[in-house]
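# Examining the three-dimensional arrangement
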Amino acid sequence: MTTVTNDKLQTAGLSATWARWSGFSVLFDNPGASLLPIGDGLARMNSRTGTEPALGFYTALEQTLATLDLPQMADEFAFCPLPSYSYHVTVWDGLNPGNIQTVAAPHRPALQACIDGMPAALHNLPDALSFLPASKLLSTGYGPLDFRFLELVNWSNTAVLASVEAADAASAERLAAITADRQALYVRMAESLGTAVRDGYYPHVTLGYFANREQGELSRPHLAEWNARFAQRMAGLSLTFPSMALYGFSDMISFCKVME
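All of the points below concern the structure found in this document. Just so you know, these numbers come straight off a predicted model, no measurement behind them. (Residues numbered from 1 in each chain as written. Predicted model: local features only at pLDDT ≥ 70, side-chain atom pairs only at ≥ 80, totals over all residues. Heavy atoms only, no water.)

## A word on the overall build of the protein chain
Within the protein chain, the secondary structure is distributed over seven helices and 13 strands. Against the globule reference of 18 Å for 260 residues, the protein chain gives a C-alpha radius of gyration of 18 Å, in line with a compact fold. Considering only contacts in the protein chain between residues 6 or more positions apart, those separated by 24 or more positions represent 73%. Summed over all atoms, the accessible surface of the protein chain reaches about 11500 Å², with 53% contributed by carbon and sulfur. Side chains of the protein chain carry 16 positive and 24 negative charges; the gap between the two charge centres is 3 Å. (Helix = DSSP H or I, 4+ residues; strand = E, 2+ residues; numbered from the N terminus. Rg over C-alpha atoms; globule rule 2.2 N^0.38 Å. Contact = heavy atoms within 4.5 Å. Areas by Shrake-Rupley, 256 points an atom, 1.4 Å probe, with all protein chains shown as cover. Lys, Arg positive; Asp, Glu negative; His and termini not counted. Charge placed at Lys NZ, Arg CZ, Asp CG, Glu CD.)

## A closer look at the pattern of salt bridges
Following the criterion strictly, the structure yields five salt bridges and no others. Glu165 is the salt-bridge partner of Arg148, the closest N and O atoms lying 3.0 Å from each other. Of this pair, Arg148 sits in strand 8 (residues 145–155) while Glu165 sits in strand 9 (residues 159–166); the two residues are 17 residues apart in sequence, bridging distant segments of the chain. On the basis of relative accessibility, which here comes to 36%, the residue Arg148 falls in the partly exposed class. Residue classification places Glu165 among the partly exposed residues on the basis of a relative accessible area of 28%. Put simply, Arg220 and Glu217 hold a salt bridge, and the shortest N to O gap is 3.4 Å. (Salt bridge = Lys/Arg side-chain N within 4 Å of Asp/Glu carboxyl O. Buried < 20%, exposed > 50% of the residue type's maximum accessible area, 1.4 Å probe, protein only.)

## With respect to the pairing of strand 12 (residues 244–251)
With eight of its eight residues buried, strand 12 lies for the most part within the structure. Of the strand pairs in this sheet, strand 12 and strand 13 (residues 254–258) are connected by three bridges, and their pairing is antiparallel. Paired with Phe249 across the bridge in strand 13 is Phe255. Here strand 12 hands over to strand 13 after two residues, the two strands then running antiparallel side by side. (Pairing = 2+ DSSP bridges.)

## Here we look at the side chain of Ser219
Secondary-structure assignment places Ser219 in the loop between helix 6 (213–218) and helix 7 (223–234). A relative accessible area of 2% means that Ser219 is categorised as buried. In this structure, Ser219 is in contact with Phe77, Asn154, Phe210 and Trp226, ignoring residues within four places of it in sequence.

## Some details on the nonpolar core
Grouped together as the largest cluster of nonpolar side chains are 80 residues, with contacts concentrated most on Phe24, Phe28, Tyr58, Leu61 and Leu207. Sequence-distant contacts of Phe28, that is, excluding residues within four places in its chain, are made with Val89, Val91, Leu145, Phe147, Ile178, Tyr201, Phe241, Ser243, Met244 and Tyr247. (Core = buried A, V, L, I, M, F, W, Y, C linked by side-chain atoms within 4.5 Å.)

## Regarding the packing of aromatic side chains
Inspection of the entire model under this criterion finds eleven aromatic pairs. Ring geometry for Phe249 against Phe255: centres 5.4 Å apart, planes inclined by 45°, an arrangement best described as tilted. In terms of burial, Phe249 and Phe255 fall into one category: buried. Each residue in the set Phe28, Phe147 and Phe241 is aromatic and connected to the rest through ring pairs, giving one cluster. Arg44 extends its terminal NZ or CZ atom over the ring of Tyr85, reaching a point 5.8 Å from the ring centre. (Phe/Tyr/Trp six-rings, centres within 6.5 Å; stacked < 30°, edge-to-face > 60°. Lys NZ or Arg CZ within 6 Å of the ring centre and 35° of its normal.)

## What to know about the packing of helix 1 (residues 56–66) against helix 7
For the pair helix 1 and helix 7, the least separation of the axes is 10 Å and the interaxial angle reads 145°. Remark: the crossing between helix 1 and helix 7 carries right-handed chirality. Between helix 1 and helix 7, the residues in contact are Phe57, Ala60, Leu61, Gln63, Thr64 and Leu65 and Arg229, Phe230, Arg233 and Met234, respectively. Grouping the constituent residues of the contact of helix 1 with helix 7 by class yields six nonpolar, two polar and two charged. (Axes fitted to C-alpha atoms, helices over the stretch in contact; angles between N-to-C directions. Left-handed = near helix turned anticlockwise from the far one by under 90°. Nonpolar A, V, L, I, M, F, W, Y, C, P; charged D, E, K, R; others polar.)

## Topic: the sheet that holds strand 12
Spatially, the six strands line up as an open sheet ordered 4-5-13-12-3-7, and their pairing is antiparallel. Because the sheet does not close on itself, it has two edges, and the strands there are strand 4 (35–39) and strand 7 (90–93). If you compare each strand with its neighbour and ignore which way they point, the axes differ by 40° on average. Contacts from helix 5 (residues 169–193) reach strand 3 (23–28), strand 7 and strand 12 within the one sheet, and its direction differs from that of strand 7 by about 15°.

## Topic: the pairing of strand 10 (residues 204–210)
With six of seven residues buried, strand 10 is to be regarded as a mostly interior element. With three bridges joining them, strand 6 (residues 79–81) and strand 10 adopt antiparallel strand pairing. Each residue of the ladder has a partner; that of Cys80, found in strand 10, is Tyr209. By the bridge criterion, five bridges tie strand 9 to strand 10 in an arrangement that is antiparallel. Each bridged residue has a counterpart across the sheet, and for Val160 the counterpart in strand 10 is Gly208.

Structure (structure tokens):
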């Protein structure tokens, strides 16, 4: 029986059970038919890979991952693939169970209640987060940003990522501006809440998680072959993001935003 030590999972396998892991982050808005209204003024991320032309990049990631013998990956490496409807690229990580304890004590109860109440809590953010909606990151229209595949990564034996990079000069310039504003928002959050300032930006699409680090480590000898397969399949493909927004999530497959 697979030992599950990854806090984002409850049980492992191809049909993993995703543990409650709630919070909020700024994500790029996926293009095309990618949202499903769920009521209460919210829409859930529901990327229609395989049918939506604008999501061809995600479709190729999903199809290539399927060629890696997922049943064997589940058995040998306790790999749990994410459903492709939840694929996304994070711009800025907000608060979640992994960092809520770093928030200054006076603010922690209200912010704990906020993340516990996600995604409905998007409608009524605590006063301590008043800096967030007005931030440059969320108030600036940067223009469309094109990403292309860079490489497949085993992230600390906890996840498999498809790292991405700007696909052209215009996108690289916009990405540089986004990265600077992202850093400024981390500094602002640290000043307001006492959290740590994060450095560097590593845009990526998470393809799945390992149930435990020990079995995740066993997958490393296969990474070069897997990466070559992805590089060949993803060559010439790009993913265009039109905008970004604040999303609330209850687990790693359920991301919602306020409908415009």
